[in-house]
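One-letter residues, chain by chain:
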Amino acid sequence: MSIFVTGDIHASYDIAKLSESCFDTAGLTKDDYVIICGDFGLVWNNSASEQYWLRWLDARPFTTLFVDGNHEGFSLLNSLPETTWNGGAVHQVATSVLHLKRGQLFNIDGQTWMMTSAL
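Quick notes on the rules
- Residues numbered from 1 in each chain as written.
- Predicted model: local features only at pLDDT ≥ 70, side-chain atom pairs only at ≥ 80, totals over all residues.
- Heavy atoms only, no water.
- Pairing = 2+ DSSP bridges.
- Helix = DSSP H or I, 4+ residues; strand = E, 2+ residues; numbered from the N terminus.
- Axes fitted to C-alpha atoms, helices over the stretch in contact; angles between N-to-C directions.
- Contact = heavy atoms within 4.5 Å.
- Expected span 1.5 Å × (residues − 1).
- Buried < 20%, exposed > 50% of the residue type's maximum accessible area, 1.4 Å probe, protein only.
- Arc of directions from axis to C-beta.
- Core = buried A, V, L, I, M, F, W, Y, C linked by side-chain atoms within 4.5 Å.

Q: Tell me about the sheet that holds strand E3 (residues 63–67), and please be specific about residues and values.
A: Sheet architecture is open: six strands sit in the order E1-E2-E3-E6-E5-E4, paired in mixed fashion. On the outer flanks of this sheet lie strand E1 (3–6) and strand E4 (82–85), each paired with one strand and no other. Strand-to-strand twist of the sheet, defined as the mean angle between neighbouring strand axes without regard to direction, takes the value 35°. Relative to strand E6 (residues 97–100), strand E5 (residues 88–94) runs antiparallel, the two being bridged by four bridges. Residue pairing in the sheet places valine 90 in a bridge with leucine 100 of E6. Seen against the sheet, helix H1 (residues 48–59) touches E3, E5 and E6 and runs at an angle of roughly 100° to E6.

Q: Please give an account of H1 that cites residues and values.
A: Between its terminal C-alpha atoms H1 stretches 17 Å, which fits the 16 Å expected from 12 residues at 1.5 Å a residue. Every buried residue of H1 is listed here: Glu50, Leu54 and Leu57. In a view along the axis of H1, the buried residues occupy a sector of 60°, so they form one face of it. When the buried face of H1 is taken as reference, the exposed residues oriented beyond 90 degrees from it are Ala48, Arg55 and Ala59. On its buried face, H1 sits against E3, E5 and E6.

Q: Quick rundown of the nonpolar core? Include the residues and the values.
A: Judged by nonpolar contacts, the single largest core of 19 residues is most densely connected at Phe40, Leu42, Leu57, Phe66 and Val97. For this core, the elements supplying multiple residues, two or more each, are strand E2 (33–37), H1 and E5. Apart from residues lying up to four places away in sequence, phenylalanine 40 is in contact with Ile9, His10, Ala11, Leu54, Leu57, Thr64, Phe66, Glu72 and Val97.

Now the structure itself:
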């Protein structure tokens, strides 16, 4: 298992950092995680562009986890189905795209992670 941590992607503005031209994904599986620390931006208004990029992320060979930042559509985000993942509450955005709710503790590869965000 591998865990990668990055910052803001601001929807389609900086999502290229997760493409093969910038990020070697060879050998990764859905048991590998990319954690985006704030300003994910792909849960805003449910536009066709957002849906395209969410499908694109869902098809990547890793699982995308994100903590919300100040550039999120909180009304839409908070309306998504909530479930428990690795001990903490998440919103299920897509099959392999999860919003890690603030203040939750998650067990990832035997380590405890607390998710928070400064706004």
